[in-house]
Amino acid sequence: MLLGYTDSNMARGVDSRKSTSIYLITFAGGAVSWQSKLRKCVALSTTEAEYIATAEAFKEILWMKKFLNELGHDQDDYAVNCDNQSVIHLTKNLMFHSRSKHIDIHYHWIQEELDEKKLKLEKIHTNFNWSDMITKTIPTKKVED
């Protein structure tokens, strides 16, 4: 099954205060695509930083979905897992709030993809978010489990 995981590091760039967007795409239990990228813009909230990372993961998983369809592989659901509840609420609620109105329209296309049921965005606990290994220091005990 093709699955996506997404995360971000808010303002990790010490000098620039820019965030890093991370996604990891797995297929049949193994990582097949991943990216860790310092953003060109400064995110004003953790929700914005995570939303940007989610949009990048959506682009990649949609491309992978088309590629796998051409190879004759089809599955019922394609999901991106996110550990930020605010991002999930933002994608489901088309109303703009004062805390999210600054997010560039460039990233809001993911709402249309969700409405058309091309993908699903699901909540995942941080302990099970595979993309965390790219963004955070992982304790040895967690890796052994």
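Presented here is a report on the structure given in the accompanying data block. Note that the structure is predicted; figures quoted are calculated from it, not measured.

A separate point is the pairing of strand 3 (residues 30-38). Regular strands place their side chains on alternate faces of the sheet. The sheet contact formed by strand 2 (residues 20-27) and strand 3 spans 8 bridges and is antiparallel. Bridging from a neighbouring strand, isoleucine 25 pairs with serine 33 of strand 3. Between the antiparallel neighbours strand 2 and strand 3 lie 2 residues, among them alanine 28 with a positive phi of about 55 degrees.

Formed by 21 residues in total, the largest nonpolar core has its most connected members in Leu2, Phe58, Ile61, Val80, Leu119 and Leu121. Counting residues per element, this core draws most heavily on helix 1 (residues 46-70), at 8 residues. One finds Leu3, Tyr5, Leu24 and Ile124 within the second-largest nonpolar core, a separate group that totals 5 residues.

Residue placement: threonine 6 occurs in strand 1 (residues 2-9). Separated by 18 residues in sequence, threonine 6 and leucine 24 place their C-alpha atoms 6.4 Å apart. Reaching out from threonine 6, the side chain makes a polar contact with the backbone oxygen of alanine 53 at a distance of 3.3 Å.

At a minimum axis distance of 9 Å, the contact between helix 1 and helix 2 (residues 85-92) shows a crossing angle of 70 degrees. Regarding the angle of helix 1 to helix 2, the classification is roughly perpendicular. In the packing of helix 1 onto helix 2, the handedness of the crossing is right-handed. Judged by residue contacts, Thr47, Glu50, Tyr51 and Thr54 of helix 1 engage Ser86, Val87, Leu90 and Thr91 from helix 2.

Another point: a nonpolar patch on the surface. A cluster of nonpolar side chains, Trp63, Phe67 and Leu71, forms an exposed patch at the surface whose accessible area comes to about 350 Å². With respect to the helices and strands, leucine 71 occurs in the loop between helix 1 and strand 4 (79-82). Given a relative accessible area of 58%, leucine 71 falls into the exposed group.

What follows is about the sheet that holds strand 2. Spatially, the 5 strands line up as an open sheet ordered 3-2-1-4-5, and their pairing is mixed. Since the sheet does not close on itself, it has two edges, and those belong to strand 3 and strand 5 (120-123), each with one partner. Along the sheet, successive strands turn relative to each other by an average axial angle of 20 degrees, direction set aside.

A word on the packing of aromatic side chains. Under the definition given, this model contains 1 aromatic pair. For the pair tryptophan 63 and phenylalanine 67, a centre-to-centre distance of 5.5 Å together with 5 degrees between the ring planes defines the contact as stacked. Of this pair, tryptophan 63 and phenylalanine 67 both sit in helix 1, 4 residues apart, which is roughly one turn of the helix.

To continue, consider the side chain of serine 21. Examined against the element boundaries, serine 21 turns out to sit in strand 2. By relative accessible area, serine 21 is classed as buried at 3%. Setting aside its immediate chain neighbours within four residues, serine 21 contacts Asp7, Ser8, Gln35, Ser36, Lys37, Arg39, Ala49, Ile52 and Ala53.

Basis of the calculations
In every chain, residue numbers begin from 1 and rise along the written sequence. Since the coordinates come from a predicted model, pLDDT governs what is reported: local features require at least 70, and pairs of side-chain atoms require 80 or more to be given and counted, while whole-chain, interface and lining totals use all residues. As a convention, hydrogens and water are excluded, and side-chain values are obtained from all of the structure's heavy atoms. Any two strands with at least two DSSP bridges between them are considered paired. A run of H or I in DSSP becomes a helix once it reaches four residues, and a run of E becomes a strand once it reaches two; helices and strands are each numbered from the N terminus. By nonpolar core we mean a set of buried residues, namely Ala, Val, Leu, Ile, Met, Phe, Trp, Tyr and Cys, connected to one another through side-chain atoms within 4.5 Å. Accessible area is worked out with a 1.4 Å probe on protein chains only. A residue is then buried under 20% of its type maximum, exposed over 50%, and partly exposed in between. The term polar contact refers here to a pair of N or O atoms within 3.5 Å; inside protein, the definition further demands a hydrogen-donor-capable atom paired with an acceptor-capable atom, and it admits residues adjacent in sequence only when both atoms are side-chain atoms. Note on method: axes are straight lines fitted to C-alpha atoms, helices fitted across the in-contact stretch only, with angles between N-to-C directions ranging 0 to 180 degrees. Convention used here: angles under 35 degrees read as roughly parallel, angles over 145 as roughly antiparallel, angles from 65 to 115 as roughly perpendicular, and any remaining angle as oblique. Two helices that cross are described as forming a left-handed crossing if the nearer one is turned anticlockwise from the farther one by less than a right angle, and a right-handed crossing if clockwise. When checking whether two residues touch, look at their non-hydrogen atoms; a contact exists if any pair is within 4.5 Å. Patch construction takes residues with relative accessible area above 30% that form no salt bridge. Like charges are linked within 9 Å, and nonpolar side chains (Val, Leu, Ile, Met, Phe, Trp, Tyr) are linked within 5 Å. All accessibility values rest on the Shrake-Rupley procedure with a 1.4 Å probe; residue burial counts only the protein chains present in the view. Think of a salt bridge as a Lys or Arg side-chain nitrogen and an Asp or Glu carboxyl oxygen that are within 4 Å of each other. Ring pairs shown here join Phe, Tyr and Trp side chains whose ring centres sit within 6.5 Å, with only the six-membered ring taken for Trp; geometry is labelled stacked below 30 degrees between planes, edge-to-face above 60, and tilted in between.

Read these as layout, nothing more, since geometry by itself doesn't imply function.
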